[in-house]
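Observations on chain architecture
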Amino acid sequence: MTDVFEDDPGFDARELRVVKAVADAGSITGAALTLGYSQPAVSQQLKRLEQRLGIALVERVGRSVRLTDAGRILARHAPAVTTALDAAAGELAELRGLRAARVRLVAFPSASPTIVPRLLADLAQRHPGISLTYVEAEPPEAVEAVREDRTDIALTFSYPGDRDDPHGSSARGLSVHTVGADELLAVLPAGHPAARAADALDVGTLADEDWIAGCPRCRGHLLELCDRAGFAPRIAFETDNFVAVEGLVAQGIGVATLPRMAVESFPLLPGVAIVPLPAGEQRRIHTVTARGADRVPAVRATLDALARLIERGTDEPASAASARPTAPTGASAAD
């Protein structure tokens, strides 16, 4: 009887990561820089894997290289395989009582001064062996980073009715979990009549105002929000910088909406007032990982910490932000 394992090539996780890195970087030199290896070391690992498989994985094209069909097949499956191996290694480490681990996180900009500092403090207290690396990116890029195995966890957001929601078809095959919500606020000049609204603001009262739009996803939600209120917003300025949004509003340039997480990440500027929008106007906060990544103990601990911190909210400003002078809500520029 033929042994069904006699043609098993004995894949090595490092070799699979090398193939994936060549696919991402488009060159052996780029893969070496990404992985922190020397160029000869990358070439040798590729050559050893080719010899075991009996098939070429890369081919020369002028002065550069590209993956063959076989190389592209391995690159496509590499993230799933390495994630599973990392999960197994993590569970074994737990059994041995080891706690040293590295987790890669990508999150949206307003999480940087709010959630991420608290996450680092929480992990340092509860799981000091976990080392967290962090890169800032908007949701579409963050989801892609998970798919390409450039991060373990993506912290993302989406708006209701978002036609380009990155958690739809582009996240197919990944694990997406909603972990909280972040309400939206109207950002108005302090002297604006609507700034004195006792309850949630009727957006329709701002139909004649100039608007300041934010990131592409926030801009899309602004258009939908105003459309439901029966008007198209007259957008005068666009900026991804939420501090700049407040600065423009303070000077009476226009009005805007911002998530509470963005507003609470730094002291409110003089001359700015914030008013709640109707209940339900909020963005949802998600974690995105490769399927099975939550079996890696360090990833599981980080996911649990994120869920706990987001549920707790962002009422306490980050220490760096709280060191700046504060201005009361509704303060005028002359105060």
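Quick note: structure is the one above.
So, here's what we can say about the structure. Bear in mind that the values here come from a model prediction, so they are computed numbers and not experimental data.

Some words on the overall build of the protein chain
- Regarding its fold elements, the protein chain presents 11 helices and 11 strands.
- By residue count, 45% of the 335 residues in the protein chain fall in the buried class.
- In the protein chain, 76% of the contacts between residues at least 6 apart in sequence involve partners at least 24 apart.
- Carbon and sulfur atoms make up 52% of the accessible area of the protein chain, which totals about 17,200 Å².

Observations regarding the environment of A31
- On the secondary structure map, A31 appears in helix 2 (residues 28–35).
- Sequence separation of A31 and V19 is 12 residues, and the distance between their C-alpha atoms is 8.4 Å.
- Excluding residues that lie within four positions of it along the chain, A31 makes contacts with A21, V22 and A25.

Examining the environment of R312
- Here R312 shows up in helix 10 (residues 297–312).
- Note on R312: relative accessible area 53%, which makes it exposed.
- Along the primary structure R312 and G180 are separated by 132 residues, whereas in three dimensions their C-alpha atoms are 9.5 Å apart.

With respect to the packing of helix 1 (residues 13–25) against helix 3 (residues 39–53)
- Helix 3 packs onto helix 1 with a crossing angle of 110 degrees between their chain directions and a minimal axis gap of 10 Å. Here helix 1 lies roughly perpendicular to helix 3, going by the angle between them. The way helix 1 lies across helix 3 gives a crossing that is left-handed. Residues R14, E15, V18, V19 and V22 of helix 1 lie in contact with helix 3, whose contacting residues are V42, Q45, L46, R48, L49 and R52.
- When its residues are assigned to classes, the contact of helix 1 with helix 3 shows 6 nonpolar, 1 polar and 4 charged.

Overview of the environment of K20
- Its location among the elements puts K20 in helix 1.
- Given a relative accessible area of 10%, K20 falls into the buried group.
- Separated by 128 residues in the primary sequence, K20 and E148 have C-alpha atoms spaced 8.4 Å apart.
- Beyond its immediate stretch of four places on either side in the chain, K20 contacts A75, A78, P79 and E148.
- One polar contact links the side chain of K20 to the main-chain carbonyl oxygen of E148, over a distance of 2.9 Å.

Points about the nonpolar core
- Grouped together as the largest cluster of nonpolar side chains are 50 residues, with contacts concentrated most on L105, L119, L155, L188 and W211.
- Of all the elements, helix 10 adds the most residues to this core, at 8 residues.
- Among residues more than four places away in sequence, those in contact with L188 are A194, A195, L206, V249, V255, G271, V272, A273 and V275.
- Counting 19 residues, the second-largest nonpolar core is a separate cluster that includes L16, L67, L74 and A78.

Overview of helix 3
- With 15 residues, helix 3 extends 21 Å between its outermost C-alpha atoms, agreeing within 8% with the 21 Å of an ideal straight helix rising 1.5 Å per residue.
- At the C-terminal side of helix 3, G54 shows a positive phi close to 75 degrees.

Section: the packing of aromatic side chains
- On inspection of all chains with the given rule, the structure shows 4 aromatic pairs.
- Consider the rings of F242 and F266, whose centres lie 5.9 Å apart with planes at 15 degrees: the pair is stacked. One end of the pair, F242, is in helix 8 (residues 242–250); the other, F266, is in the loop between helix 9 (260–263) and strand 10 (272–276), with 24 residues separating them in the sequence.
- What makes F242 buried here is its relative accessible area of 16%.
- According to the relative accessible area criterion, F266 is buried, its value standing at 6%.
- A network of ring pairs unites the aromatic residues F108, F157 and Y159 as a single cluster.

Quick word on the pattern of salt bridges
- Counted by the stated rule, this structure contains 18 salt bridges.
- R66 is paired through a salt bridge with E59; the nearest N and O atoms lie 2.9 Å apart.
- Residue class for R66 comes out partly exposed when judged on its relative accessible area of 48%.
- A salt bridge links D182 to R283; its shortest N-O distance comes to 3.1 Å. Here D182 is found in strand 6 (residues 174–189), whereas its partner R283 is found in strand 11 (residues 282–290), with 101 residues between them in sequence.
- We classify D182 as buried; its relative accessible area is 5%.
- Under the relative-accessibility criterion, R283 is labelled buried at 2%.

Structural notes on helix 1
- The first and last C-alpha atoms of helix 1 sit 18 Å apart over 13 residues, in line with the 18 Å expected at 1.5 Å per residue.
- Buried residues of helix 1: A13, E15, L16, V18, V19, K20, A21 and V22, and no others.

Some points on the packing of helix 2 against helix 3
- With their axes 8 Å apart at the nearest point, helix 2 and helix 3 run at an angle of 105 degrees to one another. With respect to their mutual orientation, helix 2 and helix 3 come out roughly perpendicular. The segment helix 2 lies against helix 3, with I28, T29 and A32 engaging Q39, V42, S43 and L46.
- Here the contact of helix 2 with helix 3 is composed, by residue class, of 4 nonpolar, 3 polar and no charged.

Definitions and limits used
Residues numbered from 1 in each chain as written. Predicted model: local features only at pLDDT ≥ 70, side-chain atom pairs only at ≥ 80, totals over all residues. Heavy atoms only, no water. Helix = DSSP H or I, 4+ residues; strand = E, 2+ residues; numbered from the N terminus. Buried < 20%, exposed > 50% of the residue type's maximum accessible area, 1.4 Å probe, protein only. Contact = heavy atoms within 4.5 Å. Areas by Shrake-Rupley, 256 points an atom, 1.4 Å probe, with all protein chains shown as cover. Axes fitted to C-alpha atoms, helices over the stretch in contact; angles between N-to-C directions. Parallel < 35°, antiparallel > 145°, perpendicular 65-115°, else oblique. Left-handed = near helix turned anticlockwise from the far one by under 90°. Nonpolar A, V, L, I, M, F, W, Y, C, P; charged D, E, K, R; others polar. Polar contact = N/O pair within 3.5 Å; in protein donor to acceptor, adjacent residues only side chain to side chain. Core = buried A, V, L, I, M, F, W, Y, C linked by side-chain atoms within 4.5 Å. Expected span 1.5 Å × (residues − 1). Phe/Tyr/Trp six-rings, centres within 6.5 Å; stacked < 30°, edge-to-face > 60°. Salt bridge = Lys/Arg side-chain N within 4 Å of Asp/Glu carboxyl O.

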